[in-house]
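Observations on the model geometry
Each chain, written out:
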Amino acid sequence: MSITYTWNVKALNVTSATSIQDTALDQVVNEVTFEREGHDTSTGLNYTTKGVINLATDNISDSDFQPYSDLTPTVIEEWIEANTDSDQKSEFESKIQALINISNLAMEVDAAMANSQPPLPWESLEEADSA
């Protein structure tokens, strides 16, 4: 089983702030709501976990500030990567892995039960009637 992981930005919270050069800044992102999605390439199953990161707005320099209208998913995903440590990423991915494992096990049990049960009595009658 191979799982590929991606970030999905769901919402941005903004505020006003003042840069360290005393420039008034509008629509400064101070919170990102996101999902960590895992896609099991062998079964096609997708599962997500949700998270929120808070971004500091008190030490923004004029040169580092990115206007809200210039933001892209790639920029926000880079912020998420920079603000989640390896333990947090592992926790997200472990939760997704557990959900996929449970789902895969349920599919295996369903398949085993379907193969071990005789057909329903009326199913064989329907097949005989249609012949």
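Structural data are supplied above this passage.
A look at the nonpolar core
Counting 11 residues, the largest nonpolar core consists of W7, V29, V32, F34, I53, L55, L71, V75, I76, I80 and F92. In this view, L71 contacts L12, V29, Q66, I76 and W79; residues no more than four positions away in its chain are not counted.

Description of the pairing of strand β2 (residues 24–40)
On a regular strand, one side chain projects to one face of the sheet and the next to the other, so that they alternate. In the sheet, strand β1 (residues 3–18) pairs with β2 via 14 bridges, with the strands oriented antiparallel. In the sheet register, A17 faces β2, and the bridge partner there is L25. The turn linking β1 back onto β2 is made up of five residues, and D22 within it adopts a positive phi angle of 65°. Here β2 hands over to strand β3 (residues 46–54) after five residues, with G44 in that stretch at a positive phi of 80°.

Focus on the sheet that holds β3
Pairing within the open sheet is antiparallel, and its three strands lie in the order β1-β2-β3. Looking at the sheet topology across the chains shown, the edges are occupied by β1 and β3. When the angles between neighbouring strand axes are averaged without regard to direction, this sheet yields 20°. Helix α1 (residues 73–83) rests against β1, β2 and β3 of the sheet, and its axis sits at about 95° to β1.

Structural notes on α1
Among all positions of α1, only V75, I76 and I80 are buried. All buried residues of α1 fall inside an arc of 145° around its axis, so they share one side. Seen from the buried face of α1, the exposed residues on the opposite side, beyond 90 degrees, are E78 and A82. Buried residues in α1 make contact with β1, β2 and β3.

With respect to the layout of surface pockets
If you add up the space inside the largest pocket, you get close to 320 Å³. Around the largest pocket sit 15 residues that line it, and V29, A56, I60, D64 and W79 are the ones nearest its centre. Secondary structure elements with two or more residues in the lining of the largest pocket: β2 and α1. Here the lining of the largest pocket gets three residues from one element, more than from any other, and that element is β2. The residue inventory of the lining of the largest pocket, partitioned by class, reads 10 nonpolar, four polar and one charged.

With respect to the environment of Y68
Tracing the backbone through its elements, the reader meets Y68 in the loop between β3 and α1. With relative accessibility at 32%, the residue Y68 sits in the partly exposed group. It is 7.6 Å that separates the C-alpha atoms of Y68 and V29, two residues lying 39 residues apart in sequence. Not counting chain neighbours up to four residues away, the residues in contact with Y68 comprise L12, V14, Q27 and V29.

The rules we used
- Residues numbered from 1 in each chain as written.
- Predicted model: local features only at pLDDT ≥ 70, side-chain atom pairs only at ≥ 80, totals over all residues.
- Heavy atoms only, no water.
- Core = buried A, V, L, I, M, F, W, Y, C linked by side-chain atoms within 4.5 Å.
- Buried < 20%, exposed > 50% of the residue type's maximum accessible area, 1.4 Å probe, protein only.
- Contact = heavy atoms within 4.5 Å.
- Pairing = 2+ DSSP bridges.
- Helix = DSSP H or I, 4+ residues; strand = E, 2+ residues; numbered from the N terminus.
- Axes fitted to C-alpha atoms, helices over the stretch in contact; angles between N-to-C directions.
- Arc of directions from axis to C-beta.
- 1 Å grid on protein atoms, 1.4 Å probe; cavity = no way out; pocket = protein on both sides within 12 Å on 5 of 7 lines; lining within 4 Å.
- Points joined across faces, edges and corners; volume = space filled by probe spheres on them.
- Nonpolar A, V, L, I, M, F, W, Y, C, P; charged D, E, K, R; others polar.

Any link to function would need more than the numbers given here.
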